[in-house]
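Summary of the model geometry
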Amino acid sequence: MQNKAYSLFISDLHLCDSRPNITQAFISFLKETAVKAEALYILGDLFEYWAGDDAIKVGHQQAVISELKTLNSGGVALFFMHGNRDFLLGDSFAQATLCTILSDPSLLHLYGRPVLISHGDKLCTDDIDYQQFRTQVRNTAWKSQFLSQPLDTRISYIEKIRLKSEQEKMLKSMRIMDVNQQAVESILREYAYPPILIHGHTHRPNKHMISLDNHICERWVLGDWYDHGGYLKLDESGCQPQNLS
Ligand code: LP5
Ligand code: MN
């Protein structure tokens, strides 16, 4: 009998039509690896971008959605948190995959300890331009107005923003695009010093030890799936980063 007492965490896969090998790697990961876990937590940016749930009918997302549903139906609990690329993902996606959408951040209790999870972009408070953009596009009225436009119009607008974002990132320093230490400390205090914080977004996989107000916290940063996939495994002994073979 297989011991399933562990959960897996992934983020920043950026699945899209132009990188079918990553979609294939993800589907293999679901069938061979995630299927053995108790739960899979997707901490945002699963997709390169998400223009609205109506894109499900026309896009490459169909195969992914079907595999996520199969995973969940087979007994692996599935959780999704929005990233900055797929924050428009909504209830139709949740119904199609049977996943639970979690708010950012969320405090979990796993294997005897509190675990705080986040996509991570909110912690990048030195990136002032991005935070202003984020506040604007996460506004409920703004999202409704955007989603009321035809799918083609939304996609072409997002592609322009993607271009602009890539241009601006070239002008920003690595420090500005990383998490801000005070923002990290502030969220740890707010959530009563969880011993583990897991997030993605920065694409800088690492383990950071934080000593704060006489508490120790491990900050685990998830990697992206550009060169090869990876995930974080959490069980009662703690977190272990794993690369896909
Ligand atoms: O995603 P990543 O990691 O490459 O970069 C992020 C920040 N960029 C973004 C933008 C997204 O990549 C774009 C796709 C979002 C799809 C969402 C759907 C609906 C949105 C519709 C919007 C109208 O999140 C980047 C950060 C980086 O992380 C590191 O943290 O630096 O932030 C930016 O680059 C944002 C810019 O600094 C400010 C935004 C300028 C946009 C201005 C609009 C101009 C419109 C031109 C078109 C006519
Ligand atoms: Mn991101």
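Residues numbered from 1 in each chain as written. Chains lettered and ligands numbered in written order. Predicted model: local features only at pLDDT ≥ 70, side-chain atom pairs only at ≥ 80, totals over all residues. Heavy atoms only, no water.

1. Observations concerning the coordination of the manganese ion (ligand 2)
- Each protein donor to the manganese ion (ligand 2) is listed here as Asp45 (OD), Asn84 (OD1), His119 (NE2) and His201 (ND1); together their distances run 2.0 to 2.2 Å.
- Donor residues for the manganese ion (ligand 2), ordered by position in the chain, follow D-x38-N-x34-H-x81-H. One end of the pair, Asn84, is in the loop between strand E3 (77–81) and helix H3 (91–97); the other, His119, is in the loop between strand E6 (113–118) and helix H4 (128–137), and 35 residues separate them in sequence. His119 carries the same exposure label as Asn84, and that label is buried. (Donors = N, O, S within 2.8 Å, 3.2 Å for Na, K, Ca; no water. Helix = DSSP H or I, 4+ residues; strand = E, 2+ residues; numbered from the N terminus. Buried < 20%, exposed > 50% of the residue type's maximum accessible area, 1.4 Å probe, protein only.)

2. Quick notes on the pairing of strand E10 (residues 230–235)
- Of all 6 residues that make up E10, 5 are buried, and the element is covered over most of its length.
- When strand E1 (residues 7–10) meets E10, the two strands line up antiparallel, connected through 3 bridges. Looking across to E10, one finds that Leu8 is bridged to Lys233.
- Pairing of E10 with strand E11 (residues 238–243) involves 6 bridges; the strand directions are antiparallel. Within E11, the position partnered with Leu234 by the bridge is Cys239. (Pairing = 2+ DSSP bridges.)

3. Focus on the site of ligand 1
- Near ligand 1 lie 24 residues; those nearest to it are Arg85, Asp127, Arg162, Lys169 and Lys172.
- Between Arg85 and ligand 1, the recorded distance is 2.4 Å, taken from a side-chain N or O atom to an oxygen atom.
- Between ligand 1 and Arg162 there is a distance of 2.7 Å, counted from an oxygen atom to a side-chain nitrogen or oxygen.
- For ligand 1, whose accessible area on its own is 1100 Å², the fraction buried by protein is 87%.
- Its atoms largely coinciding with the cavity grid, ligand 1 occupies the largest pocket.
- Elements represented by at least two residues in the shell around ligand 1 include exactly H4, helix H5 (140–147) and helix H6 (151–171).
- When residues in the shell around ligand 1 are grouped by element, the largest group, 10 residues, is from H6.
- The class makeup of the residues in the shell around ligand 1 is 11 nonpolar, 3 polar and 10 charged. (Near = heavy atom within 4 Å. Polar contact = N/O pair within 3.5 Å; in protein donor to acceptor, adjacent residues only side chain to side chain. Areas by Shrake-Rupley, 256 points an atom, 1.4 Å probe, with all protein chains shown as cover. 1 Å grid on protein atoms, 1.4 Å probe; cavity = no way out; pocket = protein on both sides within 12 Å on 5 of 7 lines; lining within 4 Å. Sits in = over half its atoms within 2 Å of the grid points. Nonpolar A, V, L, I, M, F, W, Y, C, P; charged D, E, K, R; others polar.)

4. Regarding the pattern of salt bridges
- Considering all chains together, one arrives at 13 salt bridges under this definition.
- Note that Arg154 and Asp54 form a salt bridge whose closest N and O atoms lie 2.7 Å from each other. Here Arg154, found in helix H6, pairs with Asp54, found in the loop between strand E2 (39–42) and helix H2 (61–73); they are 100 residues apart in sequence, far enough to count as distant.
- Note on Arg154: relative accessible area 3%, which makes it buried.
- Classification of Asp54 by relative accessible area gives partly exposed; the value is 29%.
- Asp121 serves as the salt-bridge partner of Arg138, at 3.7 Å between the closest nitrogen and oxygen. With Arg138 in the loop between H4 and H5 and Asp121 in the loop between E6 and H4, this pair connects stretches of sequence that are 17 residues apart.
- What you see here is one network of salt bridges that share partners, running through Glu48, Arg85, Arg162, Glu166 and Lys169. (Salt bridge = Lys/Arg side-chain N within 4 Å of Asp/Glu carboxyl O.)

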